[in-house]
Amino acid sequence: MDKIDKRMMVNQLIYDLNKKVIFPGKWDPYKILQILKAPKSGSWKDKTVLDIGANTGGLSIEIARLGANVTMLEPDPLGRSLGMSISFIKEIIETEKLKITIIKEGLFYANKLKQHDIILFLGSIYHFKYPHYCLDFISSLNPKELFISTQISNIDDLTMQNRLSGMLPKGHIPSQFKLGGYHPSHKLFRLMLTSAGFRNVHHLNDVEYYYPAKQFPELTNSAYYHAILNKAVDPEAEKIKFI
């Protein structure tokens, strides 16, 4: 096994109330919020938010500061990013009386939680071997709204590229992984979302960016989307559906 997993060498910044950085990182929650803007209702206040892929918690903290009740969940099975920042988060929660719950289990623990108004699934889907199953699972959690981001390939077709097909720097993914997750095209990703029961899929970036390009260097991904759940699907039934 490689000594260092380079995917975990970048983290979300954490700011204090005076916008001073108290935990260093590369991804800026303010820039991410600039892209996400606000939920359909126009405000994060009093919304229940499940942040899947919470990383170090920087974005969860900022959304909680806007009045949301946030549940943080990090799919990384080793909890590396969250493990580094959890003491900072707990201190912020106590000092500012924020409504944040930290869940240390992975993605598929989420079906044991209560329903949330909004799910954030940012910077995570391309780390899974079966991305479409993940979208079906997210749908089954029955959120009213979804914010999701991914890396997008520049192929203008209904295709996706494996991340080991020359898209990433050599050594970025540890050598024990024979598949590296997938980057879909814009067209395919929109269809994947609608197939998972979502509607009104809206691209949030100013223009279409393709990996490795991003609207801001402080963003995690090349493409951000918002969608409304039309009808939840059954991920287990979808998994064995013959097409």
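One can find the structure itself at the top, above this paragraph.
To start, this report covers the structure provided alongside it. (Residues numbered from 1 in each chain as written. Predicted model: local features only at pLDDT ≥ 70, side-chain atom pairs only at ≥ 80, totals over all residues. Heavy atoms only, no water.)

Details of the nonpolar core
So, point 1. Core analysis: the biggest nonpolar cluster contains 32 residues, and Leu 36, Trp 44, Ile 63, Ile 100 and Leu 120 have the highest contact counts within it.
So, point 2. Per-element tally for this core: the top contributor is helix H3 (residues 80-96), with 5 residues.
So, point 3. Aside from chain neighbours lying at most four places away, what touches Ile 100 is Ser 60, Ile 61, Ala 64, Val 70, Met 72 and Ile 93.
So, point 4. Residues Ile 103, Leu 141, Val 201 and Tyr 225 belong to the second largest nonpolar core, which totals 30 residues. (Core = buried A, V, L, I, M, F, W, Y, C linked by side-chain atoms within 4.5 Å. Buried < 20%, exposed > 50% of the residue type's maximum accessible area, 1.4 Å probe, protein only. Helix = DSSP H or I, 4+ residues; strand = E, 2+ residues; numbered from the N terminus. Contact = heavy atoms within 4.5 Å.)

Side note on the layout of surface pockets
Any empty space left between atoms is shown by rolling a water-sized probe over those atoms.
So, point 1. Of the voids in this model, the second largest pocket is the one considered here, and its volume is about 220 Å³.
So, point 2. Contributing to the lining of the second largest pocket are His 132, Tyr 133, Asp 136, Ser 195, Pro 235, Glu 238, Lys 239, Lys 241 and Ile 243.
So, point 3. Mapped onto the lining of the second largest pocket, the elements with two or more residues apiece are helix H4 (131-140) and helix H6 (235-239).
So, point 4. A breakdown of the residues in the lining of the second largest pocket according to their chemical character gives 3 nonpolar, 2 polar and 4 charged. (1 Å grid on protein atoms, 1.4 Å probe; cavity = no way out; pocket = protein on both sides within 12 Å on 5 of 7 lines; lining within 4 Å. Points joined across faces, edges and corners; volume = space filled by probe spheres on them. Nonpolar A, V, L, I, M, F, W, Y, C, P; charged D, E, K, R; others polar.)

Quick notes on helix H5 (residues 186-195)
So, point 1. For H5, the full list of buried residues reads His 186, Leu 188, Phe 189, Met 192 and Leu 193. Taken around the axis of H5, the buried residues stretch over an arc of 165°, which confines them to a single face.
So, point 2. Turning to H5, the residues buried within the fold contact H4, strand S7 (145-150), strand S8 (160-162), strand S9 (182-184), strand S10 (198-203) and strand S11 (223-229).
So, point 3. Immediately beyond the C-terminal end of H5, within one or two residues, lies Gly 197, with a positive phi of roughly 100°. (Arc of directions from axis to C-beta.)

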